[in-house]
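Geometric and topological summary
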Amino acid sequence: MNKNEKIYDAVVVGGGLGGLIAGAKLAKEGKKVLLLEQHNIPGGCATTYKYKKYKMEVGLHEMDGLDSYDMKNTIFQDLNVFENVKFIKVPEFYRFLQGSLDIRIPHCVNEAKEILQNNFTDETRAVDHFFKTILGIRNDITNLPREKWKMLFLLPVFPLKFKHLAKHFNSNLGDFLDSITENEKLKIVLSANLQYYHDDPYTMSLVFFSVAQASFYTGGGHFIQGGSQVLSNFLSDLIQNNGGEVKLNHLAKKIIIEKGKAIGVEYIHKTKKEPEIIRAYGRSIIANSSVPYVSKKLLSEDESRSLRNKVKEFVNSSSILTMYIRFHTPPSSVGNPCYSTFFFDEKIKTLKDLAAFQKSDFSTRLMGFVDYSLIDSGLTSEGSVGAVAAMDEYDDWKSLSKEDYKRKKEETAEILIDRLEKSIPGIKGCIEGYELGTPLTIERYTLNDRGSPYGYAQIPSQSAMKRLQTCPGIKNLFFASAWGMPGGGFTGAILSGYNCAETILKKP
């Protein structure tokens, strides 16, 4: 190290929510922070982009919780988020639409139970059991101090205190629903928003599903007015206002390891024609990058051996395809009644069918539609915007030629618009234009391995507390992202970043 190379308390590789939260917390506590982000804006999946008069939300359409039992509430209060970012309550949890069956699920537990029991009159006990279980699991997690989360692995030893967690720690959603009811339609309705988390109910961690789902039911769903970029920009500014540095368009090339300890980062300025290698040294290195990216790109084969061995059996989550739609006329003008709708093809008969229809042809694939005109979104002053999203596979796009890739995008967009038109007659005539984002788009802008924004799949064997917070075999290298602990979605990334910062602050 020469005299021109700086030493930081923490160098953060990646400016997604996990990295921003970690950096903001450390900077607020007086630590000297450097954050490197390869994109020209901070946020990762928590970003927006502009097209003429429209601002398009890239990722978030509904953030769970923010009630007194939600850890995000504590985090946002600590970082003064609520004083600077406005959260808009969305009208309902979701609308389930399959043929003539049209059910709107509210966020309130009692109201949701009443609607479900009115639609499934013979399933009162099953509905009660469902809510008792998911709320019980969330309460168990809430009552366990975060500094003792690792005790979760000892749950079988003390099942009476955390009985819901102990019973379901290794359970999956599909088997649980099968155990409480034989009514396939009810099972499907209860898991209608599965694509928020995963693609298959029979491999979906019941614990992860329950904590997130119960958070929606008890705290509601919220949209950040002006889009998720508002939160990302605030956190970036918070780092800088507390003496930290945020360098956009800067790509990390290597994590510097010395005697088994992470001591710095080599990075370049992406916009320069012949960028030189710059070094920054830190007492802690925080990887907001995907774990596979760290293993393959930022560490040597020898340095990453323990990490690769630890996660060699881990599998990525599916990716997402999103169509961002600009409307010159709000869809409500032609009768769209709900903010969030999930469309189910009538060929779906059982819960076991869901996994196949997450990957079927786009004419029958499960898809969701968000209509931002039904809230005070702050995304546009004229017209409105919306989005269609579906689970997608990286390999379905990766091998295509440039021409075939473009052709498939157009064909897919036409199919999705025709499906919207079939369910919401007249909506096609409201559309001014659209863009389609594929798994390759996600990989390009966020560097998430194989375009997996949720990180590792939320299956029981690799879910939540079974994920990594520190790097095996390397001291002072931490993970703060959807790939780390607890992982998955905006909430997972936020918790991962904050927990990472608190761990570092407790270091001697």
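Cut-offs applied
Every residue gets a number counted from 1 within its own chain, in the order that chain's sequence is written. Local features in this predicted model are restricted to residues of pLDDT 70 or higher, and side-chain atom pairs are both shown and tallied only at a pLDDT of 80 or more, whereas totals for entire chains, interfaces and linings draw on every residue. The basis for every side-chain value is the complete set of heavy atoms in the structure, and neither hydrogens nor water enter the calculation. Helix and strand definitions here come from DSSP, where helices need a minimum of 4 consecutive H or I residues and strands a minimum of 2 consecutive E residues; each element is numbered from the N-terminal end. Taken over C-alpha atoms, the radius of gyration is set against a globule rule of 2.2 Å times the number of residues to the power 0.38. Think of it in three bands: residues with accessible area under 20% of the maximum for their type are buried, residues over 50% are exposed, and the middle band is partly exposed, with areas taken using a 1.4 Å probe on protein chains only. Residue contacts are counted whenever heavy atoms from the two residues lie within 4.5 Å of one another. Arc definition: it is the arc formed by the directions from the helix axis to the C-beta atoms. A pair of Phe, Tyr and Trp rings is counted when the ring centres sit within 6.5 Å of each other, with Trp represented by its six-membered ring. The angle between the planes then sorts it: under 30 degrees is stacked, over 60 is edge-to-face, the rest tilted. By definition, being over a ring means that NZ of Lys or CZ of Arg is both within 6 Å of the ring centre and within 35 degrees of the ring normal. Counted as a polar contact is a pair of N or O atoms within 3.5 Å, where, for protein atoms, one must be capable of donating a hydrogen and the other of accepting one, and residues adjacent in sequence contribute only when both atoms are in side chains. Think of a salt bridge as a Lys or Arg side-chain nitrogen and an Asp or Glu carboxyl oxygen that are within 4 Å of each other. For every residue, the pLDDT score states the predictor's confidence, bounded by 0 at the bottom and 100 at the top. Here, any two strands with at least 2 DSSP bridges between them count as paired. Geometry is summarised by axes, namely lines fitted to C-alpha atoms with helices restricted to the contacting stretch, and by angles between N-to-C directions that run from 0 to 180 degrees. Both cavities and pockets are sets of points on a 1 Å grid over the protein atoms alone; in a cavity a 1.4 Å probe fits but cannot get out, in a pocket the set is open with protein on both sides within 12 Å along at least five of seven lines, and lining residues sit with an atom within 4 Å of a point. Grid points are joined across faces, edges and corners, and a volume is the space filled by probe spheres set on the points. When residue character is reported, Ala, Val, Leu, Ile, Met, Phe, Trp, Tyr, Cys and Pro are called nonpolar, Asp, Glu, Lys and Arg charged, and the others, Gly included, polar.

All right, on to the overall build of the protein chain then. From N to C terminus, the protein chain includes 16 helices and 19 strands. At 22 Å, the protein chain has a C-alpha radius of gyration in line with the 23 Å of a compact globule built from 508 residues. Projected onto the principal axes, the alpha-carbon positions of the protein chain cover approximately 70 × 60 × 45 Å. Counting every position in the protein chain, which comprises 508 residues, the buried fraction comes to 59%. The long-range fraction of contacts in the protein chain, counting pairs at least 24 apart against all pairs at least 6 apart in sequence, stands at 72%.

Val-109, Ala-112, Leu-116 and Gln-117 are the residues of helix H3 (residues 109-119) that are buried. For H3, the angular spread of the buried residues around the axis is 125°, confining them to a single face. Exposed and facing more than 90 degrees away from the buried side of H3 are Asn-110 and Asn-118. Buried residues along H3 sit against strand S8 (101-105), helix H4 (124-143), helix H7 (184-190) and helix H8 (206-219).

Below, the discussion takes up the packing of aromatic side chains. The geometry of an aromatic ring pair is captured by two quantities: the separation of the ring centres and the angle between the planes. Under the criterion given, the structure shown has 22 aromatic pairs. With a centroid separation of 5.7 Å and 90° between ring planes, the pair formed by Tyr-49 and Tyr-324 is classed as edge-to-face. Separated by 275 residues along the polypeptide, Tyr-49 in strand S3 (residues 48-51) and Tyr-324 in strand S14 (residues 319-327) bring together distant segments of the chain. Owing to a relative accessible area of 10%, Tyr-324 belongs among the buried residues under this scheme. When the ring centre of Tyr-8 is taken as reference, the NZ or CZ atom of Lys-32 above it lies at 5.4 Å. Cation over ring: Arg-326 sits above Tyr-51, and NZ or CZ is 3.7 Å from the ring centre.

Let us now look at the environment of Tyr-324. Sequence-wise, Tyr-324 and Gly-433 are 109 residues apart; in three dimensions their C-alpha atoms are separated by 8.6 Å. In this structure Tyr-324 touches Tyr-49, Met-56, Glu-57, Val-58, Gly-386, Gly-433, Tyr-434, Glu-435 and Gly-437, once residues within four positions along its chain are discounted. Reaching out from Tyr-324, the side chain makes a polar contact with the backbone oxygen of Val-58 at a distance of 2.9 Å.

With that settled, the discussion passes to the pattern of salt bridges. The final tally for this structure, using the stated rule, is 26 salt bridges. Linking Lys-296 and Asp-449 is a salt bridge whose minimum nitrogen-to-oxygen distance equals 3.3 Å. Here Asp-449 lies in the loop between helix H15 (439-446) and strand S19 (477-479) and Lys-296 lies in helix H10 (residues 291-298), a separation of 153 residues in the sequence. The class of Lys-296 is exposed, set by a relative accessible area of 59%. Judged by its relative accessible area of 14%, Asp-449 falls in the buried class. In this structure, Asp-345 engages Lys-347 in a salt bridge whose closest nitrogen and oxygen atoms are separated by 3.8 Å.

Summarising the model, the protein chain shows a mean pLDDT of 94, and 96% of its residues fall at 70 or more. Confidence drops under a pLDDT of 50 for residues 153-158, and excluding neighbours within four residues, the segment shows eight contacts in the predicted structure.

Looking now at the environment of Glu-37. As for its placement among the helices and strands, Glu-37 is situated in strand S2 (residues 33-37). Between the C-alpha atoms of Glu-37 and Asn-288, which are 251 residues apart in sequence, the distance is 9.5 Å.

Moving on, we get to the sheet that holds strand S15 (residues 340-343). One open sheet holds the seven strands; their spatial order is S8-S7-S15-S16-S17-S14-S18, and the pairing between them is mixed. Sheet topology places S8 and strand S18 (431-437) at the edges, where each strand pairs with a single neighbour. For this sheet the average axis-to-axis angle between neighbouring strands, irrespective of direction, equals 20°. In the packing of helix H14 (residues 402-423) onto the sheet, contacts are made with strand S7 (94-98), S14, S15, strand S16 (367-371), strand S17 (384-392) and S18, and the angle to S18 comes to roughly 130°.

A few words now on empty space enclosed by the protein. With the rule as written, the count across this model stands at two cavities of 30 Å³ or more. Computed from the structure, the largest cavity encloses a volume of approximately 50 Å³. What lines the largest cavity is Phe-169, Ser-205, Val-207, Pro-460, Ser-463, Ala-464 and Lys-466. Here the lining of the largest cavity is built from residues that sort into four nonpolar, two polar and one charged. Of the voids in this model, the second largest cavity is the one considered here, and its volume is about 30 Å³. Every residue along the wall of the second largest cavity is listed here: Ala-192, Gln-195, Phe-342, Phe-343, Phe-344, Gln-358, Leu-366 and Met-367.

As a further point, take the sheet that holds strand S9 (residues 221-224). Pairing is antiparallel in the open sheet, where three strands are placed in the order S5-S9-S6. The open sheet has two edge strands, strand S5 (63-64) and strand S6 (87-89), and neither has a second partner. Summarising the sheet, S6 and S9 pair through three bridges and their orientation is antiparallel. Pairing of Lys-89 across the sheet is with His-222, part of S9.

Along the chain, the position of Thr-438 falls in the loop between S18 and H15. Polar side-chain contacts of Thr-438 include one of 2.7 Å to the side chain of Tyr-405. The residues touching Thr-438, leaving out its near neighbours within four places in the chain, are Ile-320, Leu-321, Trp-397, Tyr-405 and Lys-409.

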